[in-house]
Amino acid sequence: MKTFEKSAKLNYVCYDIRGPVMDEANKMIDQGIDILKLNIGNPAPFGFRAPEELLRLMNENLCNTEGYSDSKGLLSARKSIVEYCRKKGIHQVTTDDVYTGNGVSELITLSMQGLLNPGDEILVPSPDYPLWTASVTLAGGSAVHYICDEQSEWYPDIQDIKSKITSRTKGIVVINPNNPTGALYPRELLLEITELSRQNGLIIFADEIYDRLVLDEEEHVSIASLAPDLLTITFNGLSKSHLIAGYRCGWMCLCGDKSFAKGYVEGINLLSSMRLCSNVPAQSVISAALDMEEETKQLLVPGGRVYEQREYIYHALNAIPGISVVKPKAAFYMFPKIDTKRFQIEDDERFVLDFLKEKQILLTHGGGFHWETPDHFRVVYLPEINQLKTACEKLSDFLSYYKQK
Ligand code: PLP
């Protein structure tokens, strides 16, 4: 009897944000149990609405976006993306260097598929946004994790990066602002990363999808703007900044010296053509979206929802005995630490599963972000303060008696 297993290339690929714990939550939902989901950075279910103007425009455009576009995307959209790059100090990008995608996700996978052979290494942060590690692995490469240091605002540890570069390292992934930690990297640190990349001939993969979700009036610096000589691929999109994650709208831009990467660019073009094009109605609003004063900005200042929710949960979590958390400066995530000795935790996935079953609240365990020790979890702080309050009270109560062993 023939059996059908998953392909061998998937053996070491995992994406735990939507993994086994979420499966358990879905079973509970099927049984009619109400679950508070603090596991996915999806603004819409928490009452965040896309800018009206954008929805109106997409609706209007539906009747002239039935056809495929160029594989790289509509020229008008790519022109606006080039303009956006310029505003961020990235000057050498042309419309030919821009590729739109069904979300940044598709392009992350594509960028790795086009580059890697068995044995090739990509430096990926730990903790990471796990699609990066999954995409490197799926493409046949090895993700080598460099540490981001909780003691230093979760910044990448430059010495650790240095120690992990080998002759097989092809690139480095820099997620700034960061998911899951909410860190925002300063210019000096980015300059150190560019210097290491220059010395070692690395391509920089800059995931900047949260660049317009910065709190505390801090400035986001695009790493590509600091090193016009280096090949940098910058990823961005409208899922988070314009609260339209469901419409699947992202892009990547190649900039810097491509002369030594002609083959790679050919590979990217081939893969881009093979998927024909990305969602055209979503592409059709990119220009308007990048022109508009983002409505999300008002969410990020005192009195705005995201700002106030961050303030609330930051203090509430730190007040729970055995929990500590670094204040995030961007995005809508935090990555709290849990005192494993106190709660005798050896398995962080089991911890979030036990919490889910007992209190109907869904978190993601730190291991899901390729964090090695079982002492962290990620919280998405998109729900309203009253829901966050309930979540923190339930966590506090749960931890007052929880012992894993
Ligand atoms: N990169 C990071 C750091 C993310 O957090 C996400 C989604 O949560 C993505 C990329 C993918 O976003 P999308 O595919 O919606 O553009």
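Quick notes on the rules
Residues numbered from 1 in each chain as written. Predicted model: local features only at pLDDT ≥ 70, side-chain atom pairs only at ≥ 80, totals over all residues. UniProt positions renumbered as here; feature names shortened; annotations may be inferred. Core = buried A, V, L, I, M, F, W, Y, C linked by C-beta atoms within 7 Å. Buried ≥ 20, exposed ≤ 12 C-beta atoms within 10 Å, placed from the backbone. Domains from an automatic or database assignment. Contact = placed C-beta atoms within 7 Å. Near = placed C-beta within 6 Å. Helix = DSSP H or I, 4+ residues; strand = E, 2+ residues; numbered from the N terminus. Nonpolar A, V, L, I, M, F, W, Y, C, P; charged D, E, K, R; others polar. Axes fitted to C-alpha atoms, helices over the stretch in contact; angles between N-to-C directions. Parallel < 35°, antiparallel > 145°, perpendicular 65-115°, else oblique. Left-handed = near helix turned anticlockwise from the far one by under 90°. Pairing = 2+ DSSP bridges. pLDDT = per-residue confidence, 0-100.

In the annotation of an unreviewed UniProt entry, the entry for the protein chain reads alanine transaminase, and the organism field reads Lacrimispora xylanolytica. Its UniProt record, at the heading Cofactor (unreviewed entry), says of the protein chain: "pyridoxal 5'-phosphate". Here the protein chain is described in UniProt, under the heading Sequence similarities (unreviewed entry), as follows: "Belongs to the class-I pyridoxal-phosphate-dependent aminotransferase family."

Q: Whenever I open this one, the nonpolar core confuses me. Can you help?
A: Among soluble globular proteins, nonpolar side chains are generally buried collectively. Grouped together as the largest cluster of nonpolar side chains are 108 residues, with contacts concentrated most on V173, I204, C253 and V379. Viewed by domain, this core spans two of them, domain 1 (8–49 + 298–401) and domain 2 (64–291), each represented by three or more residues. Here I204 is in contact with G171, I172, V174, S197, I223, L230 and T232, once residues within four sequence places are set aside.

Q: What is the right way to look at the site of the ligand in this model?
A: Close to the ligand lie 13 residues, the nearest being G103, V104, S105, Y129 and S239. With three residues, the single largest contributor to the shell around the ligand is helix α4 (residues 103–113). Here the shell around the ligand is built from residues that sort into five nonpolar, seven polar and one charged.

Q: Sorry, what's going on with the packing of helix α1 (residues 20–30) against helix α14 (residues 348–359) here?
A: Packed helices, taken two at a time, are described by the angle between their axes plus the distance between the axes. Viewed as axis vectors pointing N to C, α1 and α14 meet at an angle of 10 degrees, and their least axial separation amounts to 10 Å. Put simply, α1 runs roughly parallel to α14. With respect to the hand of their crossing, α1 and α14 are arranged in right-handed fashion. Contacts between α1 and α14 involve V21, E24 and A25 from the former and E349, V352, L353 and L356 from the latter.

Q: Sorry, what's going on with the sheet that holds strand β5 (residues 155–156) here?
A: Strands belonging to one sheet form pairs held by backbone hydrogen bonds; the direction of such a pair is parallel or antiparallel. Reading across from one edge, β2-β9-β8-β7-β6-β3-β4-β5 is the order of the eight strands in this open sheet, with mixed pairing throughout. The open sheet has two free edges, formed respectively by β2 (98–101) and β5, since each of these has just one partner strand. Across two bridges, strand β4 (residues 142–149) lies against β5 in antiparallel orientation. The residue bridging C148 from the neighbouring strand is P156, located in β5. Against the sheet, helix α3 (residues 75–87) makes contact with β2 and β9 (250–255), and its axis sits at roughly 115 degrees relative to β2, the strand it touches most. Its contacts with the sheet put helix α7 (residues 187–200) on β5, β6 (169–175) and β7 (203–207), and the angle it makes with β6 is roughly 170 degrees.

Q: How should the confidence of the model for the protein chain be read in this particular structure?
A: Low-confidence regions, as indicated by low pLDDT, have predicted coordinates that should not be scrutinised in detail. Of all residues in the protein chain, 100% have pLDDT values of 70 or greater, and the mean over the chain is 95. Interface scoring of the predicted complex returns ipTM 0.99; its pTM is 0.96.

Q: Got a minute to help me understand the domain arrangement of the protein chain in this structure?
A: When the parts of a complex come together, some accessible area is lost, and that lost area is often used as the size of the interface. With domains assigned, the protein chain is organised as domain 1 (8–49 + 298–401) and domain 2 (64–291). Measuring from the centre of the C-alpha atoms in domain 1 to the corresponding centre in domain 2 gives 26 Å. Across the contact, 33 residues belong to domain 1 and 30 residues belong to domain 2. Listed by contribution, the elements that provide at least two residues to the side of domain 1 that touches domain 2 are α12 (305–318) and β11 (333–334). Of the residues contributing to the side of domain 1 that touches domain 2, the split by class is 20 nonpolar, five polar and eight charged.

Q: Is there a simple way to explain the packing of α12 against helix α15 (residues 385–401) in this structure?
A: It is the contact of α12 with α15, at a shortest axis distance of 10 Å, that shows an interaxial angle of 15 degrees. It follows that α12 is roughly parallel to α15 by the angle criterion. The chirality of how α12 crosses α15 is right-handed. Side by side, α12 and α15 meet where E308, Q309, Y312, I313, A316 and L317 of the first sit next to I385, L388, K389 and C392 of the second. Of the residues belonging to the contact of α12 with α15, the class tally is seven nonpolar, one polar and two charged.

Q: Looking at this structure, I do not really get the sheet that holds β11. What am I missing?
A: Spatial ordering of the open sheet is given by β11-β15-β14, a layout of three strands whose pairing is antiparallel. What marks the edges here is a single partner per strand, and that holds for β11 and β14 (364–365). The sheet contact formed by β14 and strand β15 (residues 377–380) spans two bridges and is antiparallel. Paired with T364 across the strands is R378, a residue of β15.

Q: How should I be thinking about unusual backbone geometry in this particular structure?
A: The phi torsion of most residues other than glycine is negative, and most of the peptide bonds are trans. Here the bond from N176 into P177 is cis, since omega is -5 degrees, no more than 30 degrees from zero. The topology assignment puts P177 in the loop between β6 and α7. Of note, the amide linkage connecting N179 to P180 takes the cis form, showing an omega dihedral of 20 degrees. Positive phi values are uncommon outside glycine, yet E153 reaches one of about 60 degrees. As for its placement among the helices and strands, E153 is situated in the loop between β4 and β5. Non-glycine residue L276 carries a positive phi angle of around 65 degrees.

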